[in-house]
Amino acid sequence: MFGYHNKILIIDVSSKSWRWEDLQEEVVKDFIGGSGLGAYLLYNYCPPGTDPFSPANPLIFCTSPLVGSRLTTTSKFAVVSKSPQTGFIGDSLSSSSLALAIKGIGADAVIILGSSNRWLSLKIDESGIEFNDASHLIGNSTSMTEGNLIEIFGPDYNTACIGPAGENMVRFASISNDGGRQAGRTGNGAVMGSKKIKAISFKGYKKLNYFNEFNLSQTRKQLAIKSLGDATEKYRTLGTMANLSVFDRLKVLPTGNFRNQSNKNFDSVSGEVIHKEEKVSTSHCANCTIGCEKLVTIPNSGSAKVRLEYQSLFALGPLVGISDRETILKSSKFCDEMGMDTISAGSTCAWFMECMQKGLIPERWLDLLPTYENDEDLLKKLLNAIAKRSGIGDILAEGSARVSKEIGLGTEDFAMHVKGLEMPGYEPRSLHTMALALAVSTRGACHNRSSAYEYDFASSSDSGKLSRGQMVVDGEDYSAVMDSLIWCKFVRKVFDDFYVESSEILNDVTGWDMDPNQLARCGERINNLKKQFNIREGWVMDQDNLPKRIFSEPLSDGENRQSLSESDLGTMIKSYYDAREWTSDGLIPESKLKSLGIEC
Amino acid sequence: MAINLTVELYGNSRIITGQKLVQLKFADSKVGVVEVIQELALLFPALDGKVLDTGHKGLLSSYVFNLNGVGFQDPAKLKLRNGDSLLILPSQAGG
C-alpha cells in the first residue's frame, strides 16, 4: 500500500512489551487516518464501559496518509482515547516534527495500553522500544521535560510529554510536543498520566513510496503558492488572536463566564494591540508554509515567549473577566508549561470565581483557597493549585462539570460545558449554527470539529436554503475528512473544491481510485462511528444540549437582543438528527450503520 | 444630502493604516461600497493589494464587510445611510 506502512504498533506498558499488527487497507479506505482512524481503533480497542483512567483505555497516536508527503500543513497527528472529561470519545490534534517521527518508525498508529507501576519515559525507534525510568523527570514542566530528553537522547528524537497537570491526572491535561504545541482538548494528558508515562520520544526515518510522485511534486508547489494567498492572510499576519477585537465588536466574545455583563474594555488584549505593543515573532510547524504561530515575548519575564492563540487569550482573559495583558500572557504560558488545556482551565476558574461572588462555594472549600490580592492574582493561584492538585486545586482539577454537580445549589447552571467539555470562545446566543454544533458534537463543546461558525459569519445568501441541521452535518463531515487526511484547518479556504482536490491528492498518494463523493462519505462514516462509540458508552439525548444560562439569560445591549430558546435549540437538534438520518432520539438506525459499512 | 460614515478597521488593515476608525464624508447620499473603497485607497495607498483589490472595486477575499456590527451581507446589496459604521473584518473566522 502506498502512503501507509500498513502497521500499528501496540505497546503494553504493564508488561513492558510490544507487538506489531497489520493495518488492513479496507480500514484506511473507510477511515483514512488521523482522527478517523483513531475513532476506529478506539471503538475496537477500548472495551465497552472502560473507565478513562483504567489501564484498558487505549491512548492512540494516529498519523495519516499525508504525513511525510511534504504537502503544506500535513505534519499532523491525532491523539485519541476515551475522555476523562466526557466519558465519550476524546480526540485532539497536534502538529510538527513529532508526526514525521511517529510515522518514521514505520507505524501508521501507536496504541498504548496498560499502566505502569512506576513513571516511565518511552524511547521508540526503528530498533525497538526502551522503557526507561522517568522518576528524575517528575514535576518538570513540558519544556523542561522536552529539553531534558533532548540532552539524554539527542536532538533526533521528538518527544510527546505531559507536565505536572498530566502527572496529577488533572482531567483537562494536555500532551505537549515540539516546543509547546499541545494536543489540548479532552484530557488525553490525564490518560497518559494514568498510565504513568511522562514522555514518549520517537526517532524514525522509514521511507514511504507514493503512487504518483510526479503529480504530488506539482501539487506541493501549487499548494505552497496558494497557501500564501488571501485565504490565509489572517493566520499569517496576526494569527488567530485577530479574532478577539472582531468578536468583541460583533458581540460574540463571551465574557465573565458567559454573563457578558462586563464593563471592561478588552482593547488592550486585542491581537492588533498586542502586535503593536509587544514583541511578536512568527513560527511554523514542520512542512508548513503558513506560519500562523505567534510567539509573544512576555513582559517582565526575560526572554520567555508564549505561543498565543485566540482561545487561550479568550479563556484566560475576557472569560474570567481579566483584561490585564501580562496576566493573560503569563497564565497562558503557565498552562502550556504545566500541560493544561487553556479553555477548560480558564472556564473552570471562571465558573469558580462567579460562584464565589454568588456565595455558592462551601465554606470548607473556601478554607482551601490561598490568600490573593485581586482577580488577576486569584487566577494565577487557582491555575497553580489546579496543576499541582493542591488545596482547592485538587477539587477544580476535576473540571467545572463534575465539581458543580458535587456542590449542587444551582452552580450547575453556571458551569459552561457540554458533555463535560468546557465551551470555547464563540457566543451561542448570537451564533445559532455554532450553538447547534456545540450541543451535538461528539466530543463536547467543541469548535474544531464542525467550524459551524463559518455559516454564522457568512452572508445569508452564501448559505442558500440549507437547514441549520444540514449545515452542521456538512461542517462536521468536512472537518472529519480534514482531521483524518490530516490538513490543518487554516488551509481549508485554499482549496477551490476541497473534496475534488483532496481525493485527487489522496489517490496520488495511495494509488486508490476514490472519487470526491466517496471521500465525503468517509467523513459521514467517521462521524457516525464517533457517535456510535458515545452511544455504546452511555450517551443519552439530554446530553445534546447547552448550559441553562444560554436559554435563560439573553444578551442585550439596549437595541439588539440576542437569545436562543430551549425549544429553538430542540428544533435545530431535530433538523440535525433528520439530516443525519438518525432516529428522533438521536440514535443511529441499524440500516444507517449498515449502509456506511460500520459493524458494531 | 451628504452622509457621514465611519469605517472600522480590523486585523492587518488596522496594522497597515495605524487607524482603528476612519471618518468619511460623501456629498452624494447614493454612496456604495465602491465609493468607500476608492476613498480608502486615496487615504491609505498601502492598503492597495493587501486589503483592497487593485481595481478598487472591492475587498480582497481575505476581508469582508459588515454593517454596524450586525449582519453580514452581500456588498452589492449594502445600503449605506448617514451615521452607519462599515466594518472591514478578516474573512477567516477560525481559531
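Quick notes on the rules
Residues numbered from 1 in each chain as written. Chains lettered and ligands numbered in written order. Predicted model: local features only at pLDDT ≥ 70, side-chain atom pairs only at ≥ 80, totals over all residues. Helix = DSSP H or I, 4+ residues; strand = E, 2+ residues; numbered from the N terminus. Rg over C-alpha atoms; globule rule 2.2 N^0.38 Å. Contact = placed C-beta atoms within 7 Å. Buried ≥ 20, exposed ≤ 12 C-beta atoms within 10 Å, placed from the backbone. Expected span 1.5 Å × (residues − 1). Domains from an automatic or database assignment. Nonpolar A, V, L, I, M, F, W, Y, C, P; charged D, E, K, R; others polar. Pairing = 2+ DSSP bridges. Axes fitted to C-alpha atoms, helices over the stretch in contact; angles between N-to-C directions. pLDDT = per-residue confidence, 0-100. Parallel < 35°, antiparallel > 145°, perpendicular 65-115°, else oblique. Left-handed = near helix turned anticlockwise from the far one by under 90°.

Novice: Break down the overall build of chain B for me, citing the residues and quoting the values.
Specialist: From N to C terminus, chain B includes two helices and four strands. Along its sequence from the N terminus, chain B presents helices and strands in the succession β-α-β-α-β-β. The globule rule puts the C-alpha radius of gyration for 95 residues at 12 Å, and the 12 Å found for chain B is close to it. Across its three principal directions, the C-alpha atoms of chain B cover 40 × 25 × 25 Å. Looking at chain B alone, contacts between residues at least 24 apart form 50% of all its contacts between residues at least 6 apart.

Novice: Describe in detail the overall build of chain A, supporting the description with residues and values.
Specialist: Helices and strands together make up the secondary structure of chain A, namely 26 helices and 19 strands. A compact globule built from 600 residues would reach a C-alpha radius of gyration of about 25 Å, and chain A, at 23 Å, matches this within 12%. Along the longest, intermediate and shortest principal axes, the C-alpha atoms of chain A span 60 × 60 × 50 Å. Put simply, chain A has 600 residues, and 58% of those count as buried. Across chain A, the fraction of contacts at a sequence separation of at least 24, relative to all contacts at a separation of at least 6, is 71%.

Novice: Provide a residue-level description of helix H13 (residues 342–357) of chain A, including the pertinent values.
Specialist: Residues and elements named next belong to chain A. The end-to-end C-alpha distance of H13 is 22 Å, a good match for the 22 Å that 16 residues give at a rise of 1.5 Å each. Buried residues dominate H13, accounting for 14 of its 16 residues. Two residues or fewer after H13 comes Gly 359, characterised by a positive phi angle close to 70 degrees.

Novice: Mind laying out the domain arrangement of chain A, listing which residues take part and the relevant values?
Specialist: All names here are of chain A. Domain assignment breaks chain A into domain 1 (7–202), domain 2 (218–421) and domain 3 (431–595). For domain 2 versus domain 3, the distance between C-alpha centres works out to 25 Å. The partner domain 3 presents 24 residues to the 23 residues of domain 2 that form the contact. Mapped by element, the contributors of at least two residues to the side of domain 2 that touches domain 3 are helix H7 (213–226) and strand S16 (417–418). With three residues, the top contributor of residues to the side of domain 2 that touches domain 3 is H7. Taken together, the residues of the side of domain 2 that touches domain 3 break down into 13 nonpolar, six polar and four charged.

Novice: I'd love a proper account of the interface of chain A and chain B, names of residues and values included.
Specialist: On the chain B side, the residues contacting the 31 residues of chain A number 20 residues. When residues of the side of chain A that touches chain B are traced back to their parent elements, those giving at least two are helix H8 (233–237), helix H9 (243–249), helix H10 (271–277), helix H11 (310–315) and helix H19 (453–457) of chain A. Among the residues making up the side of chain A that touches chain B, the classes are represented as eleven nonpolar, ten polar and ten charged.

Novice: I'd like a description of the sheet that holds strand S14 (residues 293–297) of chain A, backed by residues and values.
Specialist: All names here are of chain A. Strands sit in the order S13-S14-S15 across an open sheet of three strands; the sheet is antiparallel. Across the chains shown, the open sheet's two edge strands, defined by having one partner strand only, are strand S13 (280–283) and strand S15 (305–307). On average, each strand axis in the sheet is tilted by 30 degrees relative to the strand beside it, whichever way the strands run.

Novice: So what about unusual backbone geometry? Which residues, and what values?
Specialist: Residues and elements named next belong to chain A. Across the junction of Leu 485 and Ile 486, the peptide omega takes the value -15 degrees, indicating a cis bond. Backbone geometry at Arg 389 places phi at a positive 50 degrees, although glycine is not the residue there. With 19 C-beta atoms packed within 10 Å, Arg 389 lands in the partly exposed category. For Glu 581, which is not glycine, the phi torsion reads 60 degrees and is therefore positive. Within the fold, Glu 581 resides in the loop between helix H25 (566–580) and helix H26 (590–595). The class of Glu 581 is partly exposed, set by 14 C-beta atoms lying within 10 Å.

Novice: Hey, could you go over the sheet that holds strand S1 (residues 3–9) of chain B for me, with residue numbers and the actual values?
Specialist: Hydrogen bonds between backbone groups are what pair the strands of a sheet, and the pairing can be parallel or antiparallel. Residues and elements named next belong to chain B. Strand order in this open sheet of four strands is S2-S1-S4-S3, and the pairing throughout is mixed. Of all strands in the sheet, those bounded by a partner on one side alone are strand S2 (21–26) and strand S3 (63–67). In this sheet, neighbouring strand axes are inclined to one another by 25 degrees on average, regardless of whether the strands run parallel or antiparallel. Note that S1 and strand S4 (residues 85–90) share four bridges and pair parallel. From the neighbouring strand, Glu 8 faces S4, where its bridge partner is Leu 87.

Novice: Tell me about helix H15 (residues 375–388) of chain A, residues and numbers included.
Specialist: Residues and elements named next belong to chain A. Between the first and last C-alpha of H15 there are 20 Å, a value that for 14 residues agrees with the 20 Å anticipated at 1.5 Å per step. Among the residues making up H15, those that are buried are Leu 378, Leu 379, Leu 382, Leu 383, Ala 385, Ile 386 and Ala 387. Elements that come into contact with the buried residues of H15 comprise helix H5 (164–167), helix H12 (325–338), H13 and helix H16 (392–396). The first or second residue beyond H15 is Arg 389, which carries a positive phi of 50 degrees.

Novice: Now, about the confidence of the model for chain B: what can you tell me, with residues and values included?
Specialist: Per-chain confidence: chain B averages 92 in pLDDT, with 100% of residues scoring 70 or above. Here the complex is predicted with pTM 0.97, and the ipTM for its interfaces comes to 0.96.

Novice: Any chance you could break down the pairing of S1 of chain B for me, citing the residues and the numbers?
Specialist: Across six bridges, the pairing between S1 of chain B and S2 of chain B is antiparallel. Across the sheet, Thr 6 of chain B pairs through a bridge with Gln 23 of chain B, a residue of S2 of chain B.

Novice: Give a description of the environment of Arg 521 of chain A that names residues and reports values.
Specialist: All names here are of chain A. With respect to the element layout, Arg 521 can be found in helix H23 (residues 516–536). A tally of 19 C-beta atoms within 10 Å means that Arg 521 is categorised as partly exposed. Through-space distance from the C-alpha of Arg 521 to that of Met 169 is 37 Å; in sequence the pair is 352 residues apart.

Novice: I'd like to hear about the packing of helix H21 (residues 468–485) of chain A against H23 of chain A, residue by residue, with values.
Specialist: Packed helix pairs are characterised by how far apart their axes lie and by the angle those axes make with each other. Residues and elements named next belong to chain A. Taken N-terminus to C-terminus, the directions of H21 and H23 make an angle of 100 degrees; their axes are 8 Å apart at the nearest point. Regarding the angle of H21 to H23, the classification is roughly perpendicular. Residues Glu 476, Asp 477, Tyr 478, Ala 480, Val 481 and Ser 484 of H21 form the contact with H23, whose participating residues are Leu 519, Ala 520, Cys 522, Gly 523, Glu 524, Ile 526 and Asn 527. Counted by class, the contact of H21 with H23 contains seven nonpolar, three polar and three charged residues.

Novice: Account for the environment of Gly 180 of chain A, with residues named and values stated.
Specialist: Residues and elements named next belong to chain A. As for its placement among the helices and strands, Gly 180 is situated in the loop between strand S10 (175–177) and strand S11 (181–183). Separated by 91 residues in the primary sequence, Gly 180 and Ile 89 place their C-alpha atoms 24 Å from one another. Gly 180 has contacts with Thr 142, Ser 143, Arg 307 and Asp 336, leaving out every residue within four places of it along the chain.

Novice: Could you give an account of the packing of H21 of chain A against H25 of chain A, naming the residues involved and the relevant values?
Specialist: All names here are of chain A. At a minimum axis distance of 7 Å, the contact between H21 and H25 shows a crossing angle of 55 degrees. When the axis of H21 is compared with that of H25, the two are oblique. The chirality of how H21 crosses H25 is right-handed. Counted together, Arg 468, Gly 469, Gln 470, Val 472 and Val 473 of H21 and Met 572, Ser 575, Tyr 576, Asp 578, Ala 579 and Arg 580 of H25 form the full contact between these two elements. In the contact of H21 with H25, the residues fall into five nonpolar, three polar and three charged.

Novice: Before we move on, can you summarise the environment of His 136 of chain A with the specific residues and values?
Specialist: With respect to the secondary-structure elements, His 136 of chain A resides in the loop between strand S8 (128–133) and helix H4 (142–153). Taking C-alpha positions, His 136 of chain A is 13 Å from Glu 146 of chain A, a pair spaced ten residues apart along the chain.

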